Amino acid sequence: MFKMMMCKEATRLMSRQLDTSLTFQEKLSLKLHLAMCHACSRCNQQFRLLHQTGRHFEILIERHAGTPPHREDDKT
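None of these values were measured; they are calculated from a predicted model.

## Re the environment of S41
Now for step 1: Turning to its location among the elements, S41 is positioned in helix α3 (residues 38-63).
Now for step 2: The exposure class assigned to S41 is partly exposed, which follows from its relative accessible area of 25%.
Now for step 3: For the pair S41 and L30, spaced eleven residues apart in sequence, the C-alpha to C-alpha distance is 9.8 Å.

Right, here's the structure in full:
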């Protein structure tokens, strides 16, 4: 018998899937939950957006790591 995943567990899996692989059963359970729960589906979209934004920010920091900070009194 299939047991419906609770939102708390779905949220934990949503977060974990951004950093590591889920098992087949976890992926399937989460996918089914997201198909039925609008709030968790929206939360998953927000997690993904935050994760992507963090990655882009990290790339920008790495690109400019050797550059001194911009100062207002610099004329260059």
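The discussion continues.
## Digging into the pattern of salt bridges
Now for step 1: With the rule as written, the count across this model stands at two salt bridges.
Now for step 2: Salt-bridge contacts for E26 lead to R16; the nearest nitrogen and oxygen are separated by 2.6 Å. With a gap of ten residues between them, E26 in helix α2 (residues 24-36) and R16 in helix α1 (residues 7-17) connect regions that are remote in the sequence.
Now for step 3: Judged by its relative accessible area of 18%, E26 falls in the buried class.

## Some words on α2
Now for step 1: Taking 1.5 Å per residue, 13 residues should reach 18 Å; α2 reaches 19 Å between its end C-alpha atoms and fits that length.
Now for step 2: Among the residues of α2, E26, S29, L30, H33 and L34 are the ones counted as buried. Viewed end-on, α2 has its buried residues packed into an arc of 130°, placing them on one side of the element. More than 90 degrees from the buried face of α2, the exposed residues found are F24, K31, A35 and M36.
Now for step 3: In this structure, the buried side of α2 is in contact with α1 and α3.

## Examining the nonpolar core
Now for step 1: In terms of nonpolar packing, the biggest core is built from nine residues, these being M5, A10, L13, M14, L22, L30, L34, C37 and C40.
Now for step 2: Secondary structure elements with two or more residues in this core: α1 and α2.
Now for step 3: The biggest single contributor to this core is α1, with three residues.

## A look at the state of the cysteines
Now for step 1: This structure, assessed with the given rule, holds zero disulfides.
Now for step 2: No disulfide involves C40; its nearest neighbouring cysteine sulfur is the one of C7, lying 3.6 Å away.
Now for step 3: Of all cysteine sulfurs, the one in C40 lies closest to C43, which takes part in no disulfide; the gap is 6.2 Å.

Scoring rules and cut-offs
Residues numbered from 1 in each chain as written. Predicted model: local features only at pLDDT ≥ 70, side-chain atom pairs only at ≥ 80, totals over all residues. Heavy atoms only, no water. Helix = DSSP H or I, 4+ residues; strand = E, 2+ residues; numbered from the N terminus. Buried < 20%, exposed > 50% of the residue type's maximum accessible area, 1.4 Å probe, protein only. Salt bridge = Lys/Arg side-chain N within 4 Å of Asp/Glu carboxyl O. Expected span 1.5 Å × (residues − 1). Arc of directions from axis to C-beta. Contact = heavy atoms within 4.5 Å. Core = buried A, V, L, I, M, F, W, Y, C linked by side-chain atoms within 4.5 Å. Disulfide = S-S within 2.5 Å.

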